[in-house]
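Observations on the three-dimensional arrangement
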Protein chains: 2
Amino acid sequence: MTMAEHPNIKAVADMAGVSTATVSRALSRPEKVREDTRRRVLEAVAAIGFVPNDQARAFRRRASHTVILLVRDISNPFYLDIYKGVEEAAFAAGYKVLMGDARDDDRRIRHYIDAVRERHADGLILMIGRLPDSLRNDRLPPLVVALEAIAGLDLPTVRVDNAAAAFEAVTHLLQLGHRRIVHITGPLGEHLGTARLEGYRRALEQAGIAYDPDLVVEGDFSLSAGRALTLGLLDRGRRFTALFAASDQMALGAIGALKSHGIQVPRDVSVVGFDDTLVAGMLDPPLTTIHQPRREIGQAAMALMIRQLKKSRSAPVPQHCFPTRLVIRSSTAPCHDP
Amino acid sequence: MTMAEHPNIKAVADMAGVSTATVSRALSRPEKVREDTRRRVLEAVAAIGFVPNDQARAFRRRASHTVILLVRDISNPFYLDIYKGVEEAAFAAGYKVLMGDARDDDRRIRHYIDAVRERHADGLILMIGRLPDSLRNDRLPPLVVALEAIAGLDLPTVRVDNAAAAFEAVTHLLQLGHRRIVHITGPLGEHLGTARLEGYRRALEQAGIAYDPDLVVEGDFSLSAGRALTLGLLDRGRRFTALFAASDQMALGAIGALKSHGIQVPRDVSVVGFDDTLVAGMLDPPLTTIHQPRREIGQAAMALMIRQLKKSRSAPVPQHCFPTRLVIRSSTAPCHDP
DNA sequence: CTGTTAGCGCATTCAA
DNA sequence: TTGAATGCGCTAACAG
């Protein structure tokens, strides 16, 4: 007698001398089955080497137990720890995680949203700052937003206080005596960009320093933007003794640009980043930056997702806020400039 | 008349005045359906807002069109470009990619292998160096190995010539006049570790330099290992003018250890890494290292996977070999030591 | 080229 | 507590 390639619930039922319904119950809702029946079923399962076909189960239950984590740009190591947190929470709850790369491309974003309609996934954790207009009118699938905010949409969110974090970063520079502080922002069409800019302004205001638009340039979080914008400032002859970048990547680009002009960090210019990515501590000099508890944020986002999926869209929209922390390393120093 | 929450193929069939089979064909194998019938079906699809339930489709076809990419440690940015390549090839072919974190933990590895038995995925792309013994006897799911090798298993593989790459790296150091060259290896129980060590030995041999076991220490690719092992060598008073680490992470750790002893790179000691990760070029000094075409490797691995899934386990085991390239930056310099 | 029919494997009624 | 029967949505024979 040869064993079936993929024994099914029927084979188990036959061997255990019960019905398929009982096998199904014994496996999915053990409490609804008598002790010794359950034992017999489990023995048959083991004997036959039965593995439930989760594809069929998902089909029947209309739930895939899969969640998509959609990020801006997958090649940013920033997301790795987030993913790790999401994956851990998912793994523990029997969920799988699919990672999606939005690349600021409407077609790709749409594709991942559609994946829920096609039942590949039950919901999405968004780490992007906007949705294509073409989607705004559709009925959206279960969503959780992590570290971002999508204008006009009130969604369950895991966030940090970006303005407060930026305020702390800039205040650190002010306390070191800096007065002419450049800010390379994120995209100003999105919350991440405006909130950090807001913190920058508030810090200056509190210190009684006028806001100088010449010292503020709009970036997009990328290394190349950080480099190009800093070079632009230097070319235009802007004078400054400190620079606050809205991401470590841009801080990195800025440092490269400064070095290429023979400007030393932190001797001539202090630099603060945002994110505390892995590289931040390895740079020369190690970067002062804002740390976010990425792993915990990922876990919380997944927890929110699971909750939403279980409660079938309950009323209150949960907002989970995590603290940030300024990590002071060696890229910032007292201002020597009068 | 209200629209169904999730219109199915039957609704489309009714509206288009055809059978469900025709709708199915019109969508999955358009060439098997007459032009105008197809048009009518597509109109109905659009009118109704029908989205195929891929869960049901996968269930019926017994294929999930999902592949798992199982890596050693997800927090290593090295894998991001690989993932990107895999995802691109998958996206283009209508496949999804699930990323799994092995963490050198048998339970986790087993879990991801089981995911195929449970029909979550059709196969796995492995970037790990071993499988738990408990699995060796089982019938394994479709596998592709990328950049690694699993002892005793002859699997479709995308690889680079690690020995040749290491040979090139060490030869570079030899040409700079170095004679006492440390090698921090990968795990010597696995191919990645032994192959690179082999290249190191061959390079020394060709230069007529005796192999000195005191200069070779076994690491595990991690930053902390690089640091600790280098400190160990220094503590033991080993003298060397160059160091070849089997990963950038370990090179990073080594540089940190050297700096902490006041040893400058590359003035006092030249350092070569392996992988050309993002940080390599940003370090101070920028790291000389071995570059691997990660994105292409990811694409090739996915292509091999798809081929395997389509051809239902054909006979010849494809081996795809990619070239590596020594990227010379500033962490290596001529030897000043006699 | 198209329709009819029959399941895929499982979870869930409804009775017993 | 258990079994018989039903159908999720779709695709794949098989006829016509």
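Values in this document were obtained by computation on a predicted structure and should not be read as measured data.

Examining the environment of Ser247 of chain A
Residues and elements named next belong to chain A. With respect to the helices and strands, Ser247 occurs in the loop between strand E8 (242-245) and helix H11 (248-260). On the basis of relative accessibility, which here comes to 2%, the residue Ser247 falls in the buried class. Placed 12 residues apart in sequence, Ser247 and Lys259 show a C-alpha to C-alpha distance of 18 Å. Setting aside anything within four residues of it in sequence, one finds Ser247 in contact with Phe221, Gly273, Phe274 and Asp275.

Considerations on the packing of aromatic side chains
Aromatic ring pairs: the centre-centre distance and the angle between the two ring planes describe each pair. All names here are of chain A. The full count for this structure, using the stated rule, is seven aromatic pairs over all chains. Pairing Phe78 with Tyr79 gives two aromatic rings, centres 5.5 Å apart and planes at 75°, and the pair type is edge-to-face. Sitting over the ring of Tyr211, Arg201 keeps its end group 3.8 Å from the ring centre.

Brief notes about the protein's contact with DNA strand C
In the vicinity of DNA strand C lie 27 residues, with Arg60 of chain A together with Thr22, Thr37, Arg60 and Arg62 of chain B positioned nearest. Here, DNA strand C places atoms within 4 Å of the protein, and 59% of those atoms are sugar or phosphate. For DNA strand C, a phosphate oxygen lies 2.7 Å from a polar atom in the side chain of Arg57 of chain A. Note that a phosphate oxygen of DNA strand C is positioned 2.8 Å from one of the backbone N or O atoms of Arg34 of chain B. For the surface near DNA strand C, the elements supplying multiple residues, two or more each, are helix H2 (20-28) and helix H4 (54-61) of chain A together with helix H2 (20-28) and helix H4 (54-61) of chain B. When residues in the surface near DNA strand C are grouped by element, the largest group, five residues, is from H4 of chain A. Along the lines of polarity and charge, the residues of the surface near DNA strand C split into 10 nonpolar, seven polar and 10 charged.

Considerations on the protein's contact with DNA strand D
Among the 25 residues in the neighbourhood of DNA strand D, the closest are listed as Thr22 and Thr37 of chain A together with Ile9, Arg57 and Arg60 of chain B. Restricting attention to atoms of DNA strand D within 4 Å of the protein, one finds that 64% of them are sugar or phosphate atoms. With respect to DNA strand D, the backbone of Ile9 of chain B contributes an N or O atom lying 2.5 Å from a phosphate oxygen. When its residues are assigned to classes, the surface near DNA strand D shows 10 nonpolar, seven polar and eight charged.

A short note on the interface of chain A and chain B
Taken residue by residue, the interface counts 45 residues in chain A and 44 residues in chain B. When the two sides are added together, the surface that chain A and chain B hide from each other amounts to roughly 4300 Å², 61% of it contributed by carbon and sulfur. The interface formed by chain A and chain B includes seven salt bridges. A salt bridge links Asp73 of chain A to Lys84 of chain B; the nearest nitrogen and oxygen atoms lie 3.3 Å apart. Seen at the junction of chain A and chain B, the total is 18 residue pairs in polar contact (both at pLDDT 80 or more). Sorting the residues of the side of chain A that touches chain B by element identifies H4, helix H5 (78-93), strand E2 (96-101), helix H6 (106-117) and H11 of chain A as the ones contributing at least two each. Counting residues per element, the side of chain A that touches chain B draws most heavily on H5 of chain A, which supplies seven residues. Grouping the constituent residues of the side of chain A that touches chain B by class yields 20 nonpolar, eight polar and 17 charged.

Some thoughts on the packing of H2 of chain B against helix H3 (residues 35-48) of chain B
All names here are of chain B. It is the contact of H2 with H3, at a shortest axis distance of 10 Å, that shows an interaxial angle of 95°. Relative to H3, the element H2 lies roughly perpendicular. On H3, the residues touching Thr22, Val23, Ala26 and Leu27 of H2 are Thr37, Arg38, Val41, Leu42 and Val45.

What to know about the sheet that holds E8 of chain A
Residue and element names in this part refer to chain A. Strand order in this open sheet of four strands is E7-E6-E8-E9, and the pairing throughout is parallel. Only two strands of the sheet have a single neighbouring strand rather than two, namely strand E7 (216-218) and strand E9 (270-272). When strand polarity is set aside, the average angle formed by the axes of neighbouring strands in this sheet is 15°. As judged from the three bridges shared by strand E6 (residues 181-185) and E7, these two strands associate in the parallel manner. Bridge pairing in E7 links Ile184 to Val217. Each of E6, E8 and E9 is contacted by helix H8 (residues 162-175), which is oriented at about 170° to E8, the strand it contacts most.

So, how was this worked out
Residues numbered from 1 in each chain as written. Chains lettered and ligands numbered in written order. Predicted model: local features only at pLDDT ≥ 70, side-chain atom pairs only at ≥ 80, totals over all residues. Heavy atoms only, no water. Helix = DSSP H or I, 4+ residues; strand = E, 2+ residues; numbered from the N terminus. Buried < 20%, exposed > 50% of the residue type's maximum accessible area, 1.4 Å probe, protein only. Contact = heavy atoms within 4.5 Å. Phe/Tyr/Trp six-rings, centres within 6.5 Å; stacked < 30°, edge-to-face > 60°. Lys NZ or Arg CZ within 6 Å of the ring centre and 35° of its normal. Near = heavy atom within 4 Å. Polar contact = N/O pair within 3.5 Å; in protein donor to acceptor, adjacent residues only side chain to side chain. Nonpolar A, V, L, I, M, F, W, Y, C, P; charged D, E, K, R; others polar. Buried area = accessible area lost by both parts, 1.4 Å probe. Salt bridge = Lys/Arg side-chain N within 4 Å of Asp/Glu carboxyl O. Axes fitted to C-alpha atoms, helices over the stretch in contact; angles between N-to-C directions. Parallel < 35°, antiparallel > 145°, perpendicular 65-115°, else oblique. Pairing = 2+ DSSP bridges.

Any functional reading would require information that these geometric values do not contain.
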